[in-house]
Amino acid sequence: MHDVLNAQDWELPTELASAVHEELDRWVADKNVARVWARDATLWTGGDEARWLGWLDTIEQQQAELSVRAELATAFRDENVTDLLLLGMGGSSLGPEVIGRIIGAAPGFPRLHVLDSTDPCQVRSVEAHLDLTKTAVIVASKSGTTLEPNIFHAYFFERVKERLGARRAGGRFVAITDPGSRLEQIAARDGFRATVLGVPSIGGRYSVLSPFGTVPCALIGVDLADFLTRASVMATACRADSPTNPGLRLGVALGVAALRGRDKLTIIASPALAPLGAWLEQLIAESTGKSGLAIIPVDLERAAEPDLYGHDRLFVYVRFRPAPGDEEDARVDALIGAGQPVVRIDVGEAYDLAQELFRWEMATAVAGAVMGINPFDQPDVEASKVETRALTDAFEATGKLPPEVALCDSDGLRLFADAANAEALAVDPEASVTEWLRAHFGRLRPGDYFALLAYVEMSDANTGLLQQIRHTVRDRVHVASCLGFGPRFLHSTGQAYKGGPNIGVFLQITCDDAADLPVPGQRYTFGVVKAAQARGDFDVLAGRGRRALRVHMESDVARGLAILADMVTDVLR
């Protein structure tokens, strides 16, 4: 039944439950949901919020484009295209990636691959899975000026030209961008098969039900009519000024919990729905992490015994009813028994993911209003871009990045920090890497979170070792733990890390590249861009007074991570 809402309920401690119900009653009495749909910016900060609410109407707009989407999908199928490569960052790629991983490509349709990393190994890995003579490519960038999609396009356009020739290459490319952008001009110049225009009033992280989501989904054979119908069911339910409004209920719970110190939103999901967390991370962190406030999403953290968690958590269990996962059910029951707050959402079928996309967009907008912030801007994301641009410009001019001096160099690891962090760590300059790490982890306090910021390939091996490190810290220090791959997280949780409260302790990880890749038309390479992004990111964290340390390893990343994992275990034993 497409018109059945995904169920939602919660178990909250008495004091938190009382505060949530009080705020919920206030919203209903003041008819604040109607103000959301009326685009009343004064519900938030009275700023430019009304300019960014196009996502409220996008479902109907996309339903009117179903035949156009189907026509493009048919054109590529007729050319025997077997793979679809999506080049994008943040909201331009995370939504389609999640839909592709949860619903998947229909039989006979191309498989979806997403590239959102400048790591040369990652670029090579993605390319190795493609037959470029049978690949269609989407370049997705709202502004058309984002660095990463632009260099991805430059690289893969040349690669496809080598396979198909200059005349045929453009016919395999599709652009998704806002009207009048630089990407629209490039697409016309290079003879792209199609340019699909986005809606200027929809920000990237709210764009999954706009062309940025529907075009790639159509090309992999997702039944868009069914998908959008299910999203519409949730959107209709989210119009009511009623305590049963699912988006309102969730948003009030998120906002009230965050203001009462439960600001680590810990996502537990059935295995079939686990990819959803990556999209939720961006939506929530980038929307709420500003003005010294934030809801910090904690994704893919292994569930643990209740006594390992502090009083700063709000758990959300997204449960897939056909295959919930016995371990997840048991862990959640234990959390409830221990008095931890848990919101439970039941998803009936894979296509009901569409309901969750709108529920969480509405809930995030509501949470922003409860917290008194603008959930539609990202004032701190640009800071890292500025620092990165300065470093890549310097490389273009001189052929090298500015020199660095390591704090420590041993065991194949080098440590770097700004002067303020180095002074705060108060470690003897001759100390070992282990001693520096011990001092850094010693800065964690109750209510903090620990974040690994890894500028390495997002491979299974690397992910496993990084997960081991985060869980060692979580289990020994009892703080929330986060893991992000750079530069991907810069367009996601990076906003909250820089604009939110100063309660994060960060360990950035960088590496030498085993083999670099050129960027056509530029002096800099993919490896140089990644290095500049990491250094720019660290400089902004340091400039905001964040507790940060950088570990640089050699090109054998798996070896370096294994050494680091052993050191972290020893330090926290």
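Structure: above.
Residues numbered from 1 in each chain as written. Predicted model: local features only at pLDDT ≥ 70, side-chain atom pairs only at ≥ 80, totals over all residues. Heavy atoms only, no water.

Visitor: What should I look at first to understand the overall build of the protein in this one?
Guide: Summing up its helical and strand segments, the protein has 22 helices and 16 strands in all. Within the protein, buried positions represent 62% of all 573 residues. Taking the intrachain contacts of the protein between residues at least 6 apart in sequence as the baseline, contacts between residues at least 24 apart amount to 80%. Between the mean site of the 57 positive side-chain charges and the mean site of the 77 negative ones, the protein shows a separation of 3 Å. (Helix = DSSP H or I, 4+ residues; strand = E, 2+ residues; numbered from the N terminus. Buried < 20%, exposed > 50% of the residue type's maximum accessible area, 1.4 Å probe, protein only. Contact = heavy atoms within 4.5 Å. Lys, Arg positive; Asp, Glu negative; His and termini not counted. Charge placed at Lys NZ, Arg CZ, Asp CG, Glu CD.)

Visitor: How should I be thinking about the packing of aromatic side chains in this particular structure?
Guide: Inspection of every chain in the model, using the stated rule, returns 19 aromatic pairs. Aromatic pair W44 and F376: ring centres 5.4 Å apart, planes at 75 degrees, arrangement edge-to-face. Taken together, the positions of W44 in the loop between helix 2 (32-37) and helix 3 (58-63) and F376 in the loop between helix 15 (353-371) and helix 16 (381-398) put the pair 332 residues apart, joining distant regions of the chain. Just as W44 is buried, F376 falls in that class too. Between F152 and F526 the ring centres are 6.4 Å apart and the planes differ by 10 degrees, which places this aromatic pair in the stacked class. Of this pair, F152 sits in helix 7 (residues 147-164) while F526 sits in helix 21 (residues 526-543), placing them 374 residues apart in sequence. The pair F152 / F526 is uniform in exposure class, with both members buried. Put simply, the rings of W37, W44, W55, Y206, F358 and F376 pair up and form one aromatic cluster. Over the face of the ring belonging to F416 we find R550, whose NZ or CZ atom lies 4.4 Å from the ring centre. (Phe/Tyr/Trp six-rings, centres within 6.5 Å; stacked < 30°, edge-to-face > 60°. Lys NZ or Arg CZ within 6 Å of the ring centre and 35° of its normal.)

Visitor: Would you mind going over the pairing of strand 9 (residues 313-320) with me for this structure?
Guide: A regular strand places its side chains on the two faces of the sheet in alternate fashion. The element strand 9 is extensively covered by neighbouring structure, given that seven of its eight residues are classed as buried. Alignment of strand 7 (residues 264-269) against strand 9, held across six bridges, turns out to be parallel. Considered in strand 9, the bridge of A269 is made with V318. Both strand 9 and strand 10 (residues 342-347) contribute to a ladder of six bridges, which runs parallel. Bridged to F320 within strand 10 is V347. (Pairing = 2+ DSSP bridges.)

Visitor: Explain the sheet that holds strand 12 (residues 413-416) to me, please; I cannot follow it from the model alone.
Guide: Two orientations exist for strands paired in a sheet by backbone hydrogen bonds: parallel and antiparallel. Spatial strand order, 11-12-16-15-13-14: six strands in an open sheet with mixed pairing. Each edge of the open sheet carries a strand with a single partner, namely strand 11 (408-410) and strand 14 (480-485). The sheet shows a mean angle of 15 degrees between the axes of neighbouring strands, direction not considered. Note: strand 13 (residues 449-454) against strand 15 (residues 504-511), six bridges, orientation parallel. When the bridges of strand 15 are listed, F450 appears paired with V505. Against the sheet, helix 19 (residues 460-477) makes contact with strand 13, strand 14 and strand 15, and its axis sits at roughly 160 degrees relative to strand 14, the strand it touches most. On top of the sheet, helix 21 reaches strand 12, strand 13, strand 15 and strand 16 (547-553); it is set at about 160 degrees to strand 15, its chief contact. (Axes fitted to C-alpha atoms, helices over the stretch in contact; angles between N-to-C directions.)

Visitor: Could you clarify how one ought to interpret the nonpolar core in this entry?
Guide: General note: in soluble globular proteins, nonpolar side chains tend to be found buried as a group. Core analysis: the largest hydrophobic core is formed by 97 residues, its most contacted members being W27, W55, W279, F358 and W360. Element by element, the count of residues in this core is highest for helix 15, at 13 residues. Contact partners of F358, with chain neighbours within four places excluded, come to W37, W55, L56, I59, L209, A231, M234, A235 and C238. L425, L465, A565 and V571 belong to the second largest nonpolar core, which has 38 residues in total. (Core = buried A, V, L, I, M, F, W, Y, C linked by side-chain atoms within 4.5 Å.)

Visitor: Explain the sheet that holds strand 4 (residues 135-140) here, please?
Guide: Spatially, the five strands line up as an open sheet ordered 3-2-4-5-6, and their pairing is parallel. Across the chains shown, the open sheet's two edge strands, defined by having one partner strand only, are strand 3 (111-115) and strand 6 (194-197). Taken pair by pair, the neighbouring strands of this sheet meet at an average axis angle of 20 degrees, ignoring direction. Sheet topology note: the strand 4/strand 5 (residues 173-177) ladder contains four bridges and is parallel. The partner of A140 across the bridge, within strand 5, is I176.

Visitor: I keep staring at helix 19 and nothing clicks. Help me out?
Guide: With 18 residues, helix 19 ought to run about 26 Å at 1.5 Å a step, and its terminal C-alpha atoms sit 26 Å apart, in line with that. Those residues of helix 19 not exposed but buried are N462, L465, L466, Q467, I469, R470, H471, T472, V473 and R474. Backbone geometry just downstream of helix 19 places H478 in the positive-phi region, at approximately 65 degrees. (Expected span 1.5 Å × (residues − 1).)

Visitor: What is the right way to read the side chain of R443 from this model?
Guide: Tracing the backbone through its elements, the reader meets R443 in the loop between helix 18 (433-441) and strand 13. D418 provides the closest opposite charge to the buried, salt-bridge-free R443, at an N-O distance of 7.0 Å. Within the structure, the side chain of R443 is placed 3.0 Å from the side chain of H440, a separation counted as a polar contact. In this structure R443 touches N421, A424, L425, D448, V505, R547 and A548, once residues within four positions along its chain are discounted. (Salt bridge = Lys/Arg side-chain N within 4 Å of Asp/Glu carboxyl O. Polar contact = N/O pair within 3.5 Å; in protein donor to acceptor, adjacent residues only side chain to side chain.)

Visitor: Sorry, what's going on with the environment of R262 here?
Guide: As for its position among the elements, R262 is in the loop between helix 12 (246-259) and strand 7. Residues R262 and F315, 53 residues apart in the sequence, show an inter-C-alpha distance of 9.5 Å. Setting aside residues no more than four positions away along its own chain, R262 makes contact with L16, A257, G310, H311, D312, R313, L314, Q340 and P341. Here the side chain of R262 touches R313 through a polar contact of 2.8 Å, landing on its backbone oxygen.

Visitor: I keep staring at the pairing of strand 6 and nothing clicks. Help me out?
Guide: Every second residue of strand 6 is oriented toward a common face, the buried set being A194 and V196 and the non-buried set T195 and L197. With four bridges connecting them, strand 5 and strand 6 associate as parallel partners. Residue pairing across strands places T177 opposite L197, the latter belonging to strand 6.

Interpretation note: all reported values are geometric properties and have no functional meaning in isolation.
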